[in-house]
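Letter by letter, the chains look like this.
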Amino acid sequence: MGATPCTDSITIAFGCQFRVDRREGSLATILIAFDKLMPEILRDFIQHVALGFGERAMGQSRKPFFCDRCGNDKEFIWKTRRGKETRILTVFQWVRLQQLPV
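Residues numbered from 1 in each chain as written. Predicted model: local features only at pLDDT ≥ 70, side-chain atom pairs only at ≥ 80, totals over all residues. Heavy atoms only, no water.

Trainee: Just to check I follow, could you spell out the packing of aromatic side chains for this structure?
Mentor: Any pair of aromatic rings gets described here by the distance separating the centres and the angle formed by the planes. Under the counting rule described, the total for this entry stands at two aromatic pairs. With 5.4 Å between their ring centres and 80° between their planes, F14 and F45 make a pair best called edge-to-face. With F14 in the loop between β1 (2-3) and α1 (27-59) and F45 in helix α1, the pair connects residues that are 31 residues apart, well separated along the chain. Residue classification places F14 among the partly exposed positions, given a relative accessible area of 28%. With 5.0 Å between their ring centres and 75° between their planes, F65 and F76 make a pair best called edge-to-face. Pair noted here: F65 is in strand β2 (residues 65-66) and F76 is in the loop between β2 and β3 (85-89), with a separation of eleven residues, a long-range link. As far as the burial class goes, F65 and F76 line up, both buried. (Phe/Tyr/Trp six-rings, centres within 6.5 Å; stacked < 30°, edge-to-face > 60°. Helix = DSSP H or I, 4+ residues; strand = E, 2+ residues; numbered from the N terminus. Buried < 20%, exposed > 50% of the residue type's maximum accessible area, 1.4 Å probe, protein only.)

In structure tokens:
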């Protein structure tokens, strides 16, 4: 599929809850706990934002992408919102995400 630039923004509400079980409250142990949580927080954040942009795009009558073969930019449906897992490399680390195929 081709793509055209997307100029509109979206707002995503993202919250997370986590449980930290530590015997001491030093900064070092707090940072160790955060380091263990960061992969999950990053994955969930990226997935929420990507899904938000996907939902907005799929709600438009003319999609911000098109079929390379026929040029269609209107008649797309979600195949699934929780597709095959894929890995991407961020500036922080590798992250496993679920694809959003249409």
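Trainee: Help me understand the confidence of the model for the protein chain in this model?
Mentor: The predicted coordinates ought not to be read in detail in places where the model reports low pLDDT. The predicted model of the protein chain has a mean per-residue pLDDT of 85, with 92% of residues at 70 or higher. Of all secondary-structure elements in the protein chain, the lowest mean pLDDT belongs to β1, at 53, while β3 reaches the highest, 94. (pLDDT = per-residue confidence, 0-100.)

Trainee: Would you explain α1 in this entry?
Mentor: In an α-helix, one turn spans 3.6 residues; hence positions three or four apart end up facing the same way. Between its terminal C-alpha atoms α1 stretches 45 Å, which fits the 48 Å expected from 33 residues at 1.5 Å a residue. The axis of α1 is deflected most strongly, by about 40°, at L37, and proline P39 appears within four residues downstream. Listed in full, the buried residues belonging to α1 are T29, A33, L37, L42, Q47, G52, G54, R56, A57 and M58. Close packing links the buried residues of α1 with β2 and β4 (94-98). (Expected span 1.5 Å × (residues − 1). Bend = angle between axes of the 7 residues up to and from the residue. Contact = heavy atoms within 4.5 Å.)

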